[in-house]
Amino acid sequence: MSGGIRRTLRHSNRVPGKTWPKGLFLWLSACSLAMNMNLNLGILNNYPGGESDEPLAEAAPREIHVAVSSDVKHWRGMRATIASLFKNTESPESINVHVFVSTKNGAAPHRSRENSIVLANRGTIRVHAFTDGDIAPYVNSHYERAGGGNLKSPSNYVRFLLHDRLPEASSCIWIDSDIIVNSDLVSEFAGRLHGSKPIAAFPRQHNNLSKKTYASLRNEGVHVGDRLPSFNAGVLLFNLDTWRTENWDTEMQKVCKINEDRNLWPDFGSQPPLVVLLGGDRFDRLDESKLVSNMGYQPNKDRDINDDKLFLHWNGEKKPWLKGGYYRQIWEPYDVHNCTADNLILELHSVFSRLGLEPESDSCQSKVEKRGRGRRRKKGRTTRESNGLNT
């Protein structure tokens, strides 16, 4: 028996006017010793690294940083992405959304400065401006694919700026503007965004970059990763601390400069530097069962879309906000033009308008006001008719 337990029991035995039986004293001693051992074992077993049949208690939700960006053409999709973040979480106050907009987008006067709004019990939305000069070291000027799609958008290159533009964040989730967050991002990732690798992503077993491209980079002294598995950069979990300490930005700029000199990937935009440097075993794998992709390519009646899916990705040309877009009925509840949506969506409309992320003509507030004026006119006509009948 430890000295501390013995002293405690000895003092507890001194009750004025009464003497404890010796057998009872020994029984209490044994019980106290057992309780102390169980308590200590319990602490060890429930500490990370200990052994226990019981799962560890879930840590309290911590704030998460989410970065999005889009050109004006795809703002409608980006606003729906943001709406889905807040609509599908039980901890909206933990979400910090960082919206990056180009200074070339002249739709709002605040483009030259940063702006932010703290939502009532719903986290923060902050606007960051970026210039062509900010992304110039990463841009693939050789991109020549017919039509170009959105891969030509400067917003795609914002991924490379996060380590510098978000100094307060040790981690950040990048989400493309054609993605809906279908379930609770906070409960899925809060407190679990610090893997050992610079990024985490959804793996895929094909790579559009050729072996010749990898060989060319090796000949230039680049320590490339393995070609497979590769990944799609639509959802990326950045460990920004690792990105900074391992100086991945320097490596990215080096690869981008080699591509500018040698035109290694004329058919691709911002993803190749990430894939060639961080593919293979250099990224942490996200659970593929949480992703539904290719929703903008071909409709599939057998596609498994349910509440267990975390990300719905409309990669492809048939974006849900465009005419003829696929799976529109799934996307519409988050649409900024859906002015019959719930109060959260309407509140976000107002926020987007104040931040300059919504053209006035698209504002739900203006549409609601028009409906209100229409209802008042109708009510006035009804009242006059009623008064006429009563006279």
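As shown above, the structure is provided for reference.
Residues numbered from 1 in each chain as written. Predicted model: local features only at pLDDT ≥ 70, side-chain atom pairs only at ≥ 80, totals over all residues. Heavy atoms only, no water.

## Focus on the side chain of Asn239
Structurally, Asn239 is set in strand E10 (residues 235-239). You can call Asn239 buried: its relative accessible area is 5%. Residues contacting Asn239, with those up to four places away along its chain left out, are Ser170, His194, Gly195, Lys197 and Pro198. (Helix = DSSP H or I, 4+ residues; strand = E, 2+ residues; numbered from the N terminus. Buried < 20%, exposed > 50% of the residue type's maximum accessible area, 1.4 Å probe, protein only. Contact = heavy atoms within 4.5 Å.)

## Focus on the sheet that holds strand E3 (residues 115-118)
One open sheet holds the 8 strands; their spatial order is E3-E4-E2-E1-E5-E10-E7-E11, and the pairing between them is mixed. Looking at strand neighbours, the two that pair on one side only are E3 and strand E11 (284-285), the edges of this open sheet. Both E3 and strand E4 (residues 124-130) contribute to a ladder of 4 bridges, which runs antiparallel. Along E4, the bridge assignment pairs Ser116 with Arg126. (Pairing = 2+ DSSP bridges.)

## Description of the packing of aromatic side chains
Under the defined criterion, the tally for this structure stands at 5 aromatic pairs. Taking 4.8 Å as the distance between ring centres and 5 degrees as the angle between the ring planes, the aromatic pair formed by Tyr138 and Phe160 counts as stacked. Note that Tyr138 is positioned in the loop between helix H4 (132-135) and helix H5 (162-165) and Phe160 in the loop between H4 and H5, a separation of 22 residues in sequence. Accessibility classification places Tyr138 together with Phe160 in one group, the buried group. Summarising the aromatic geometry, the rings of Phe202 and Phe311 are spaced 5.9 Å apart at their centres and angled 75 degrees between planes, so their arrangement reads as edge-to-face. A residue pair is termed long-range when its members are at least 10 positions apart, and Phe202 in the loop between strand E7 (199-201) and strand E8 (203-204) and Phe311 in strand E13 (residues 311-313) qualify at 109 residues. Classification of Phe202 by relative accessible area gives buried; the value is 6%. (Phe/Tyr/Trp six-rings, centres within 6.5 Å; stacked < 30°, edge-to-face > 60°.)

Read these as layout, nothing more, since geometry by itself doesn't imply function.
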